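Summary of structural features
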Amino acid sequence: MAKNTFRTKEKEGKATKRISNGNSLFSFIEKKLDITGLIGYGIPVKLVPPFLYAATLALIYIWSNHRAESTIREINRVQQEVEDLRADVTTLEADYMFSSKQSEVAKKMQVLGVYEIDEPPMKIKVKK
């Protein structure tokens, strides 16, 4: 079976550098973040599963925070709507209570030709 050639071998104890001589942004970043001494050339296969696990946990964490914040925004929106509806109900109840007073009903009935009596009713007594 052939050997794993995923990593390039260091030649005679000296690491060969892959940094380009260009003046691009990526070559600058590669020069500043030279970590070949730490992990060598290529990707160490033994670090891939822990990295994928950590990346998956990070994605779940980000999704959870996003979901929580959107739920909080939805709750705030619904609470504001409930407060507005509660104010509307209070106003409508006050208008209804005012319009159901005897004096207000009498004013509305005068338009139809029905008037309120001014004298109290008389009690009729029947003798047996």
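Given the structure is predicted, the values throughout are model-derived calculations rather than measurements.

Here we come to the overall build of the protein. Along its length, the protein carries four helices and zero strands. Beginning at the N terminus, the succession of helices and strands in the protein can be written as α-α-α-α. A total of 128 residues make up the protein; the buried ones form 5% of that total. Counting every atom, the protein has about 12,800 Å² of accessible surface; 63% of that belongs to carbon and sulfur.

On the surface, a cluster of nonpolar side chains totalling about 580 Å² of accessible area is made up of Leu25, Phe26, Phe28, Ile29 and Leu33. Among the structural elements, Phe26 can be located in helix α1 (residues 25–32). For Phe26, a relative accessible area of 66% puts it in the exposed group.

A word on the pattern of salt bridges. As enumerated under the stated definition, the model contains three salt bridges in all. Note that Arg77 is salt-bridged to Glu74, the shortest N-O span being 2.6 Å. Of this pair, Arg77 and Glu74 both sit in helix α3 (residues 48–99), three residues apart, which is roughly one turn of the helix. On the accessibility criterion, Arg77 (46% relative accessible area) is partly exposed.

What follows deals with the side chain of Glu104. Tracing the backbone through its elements, the reader meets Glu104 in helix α4 (residues 102–110). The class for Glu104 is buried, based on a relative accessible area of 16%. The residues contacting Glu104, other than those within four sequence positions of it, are Phe98 and Ser99.

Note that Ser103 resides in helix α4. Distance from Ser103 to Glu116, taken between C-alpha atoms, is 9.2 Å for residues 13 residues apart in sequence.

Let us look at the confidence of the model for the protein. A residue-level look at the protein finds 78% of positions with pLDDT of 70 or above and a mean pLDDT of 82. Per-element confidence in the protein is highest for α3, whose mean pLDDT is 96, and lowest for helix α2 (residues 36–39), whose mean pLDDT is 70. Overall, residues 10–16 carries pLDDT values under 50, and its contacts beyond four positions in sequence, including any with other chains, amount to three contacts.

Calculation rules
Residues numbered from 1 in each chain as written. Predicted model: local features only at pLDDT ≥ 70, side-chain atom pairs only at ≥ 80, totals over all residues. Heavy atoms only, no water. Helix = DSSP H or I, 4+ residues; strand = E, 2+ residues; numbered from the N terminus. Buried < 20%, exposed > 50% of the residue type's maximum accessible area, 1.4 Å probe, protein only. Areas by Shrake-Rupley, 256 points an atom, 1.4 Å probe, with all protein chains shown as cover. Patch = residues over 30% accessible without salt bridge, like charges linked within 9 Å, V, L, I, M, F, W, Y side chains within 5 Å. Salt bridge = Lys/Arg side-chain N within 4 Å of Asp/Glu carboxyl O. Contact = heavy atoms within 4.5 Å. pLDDT = per-residue confidence, 0-100.

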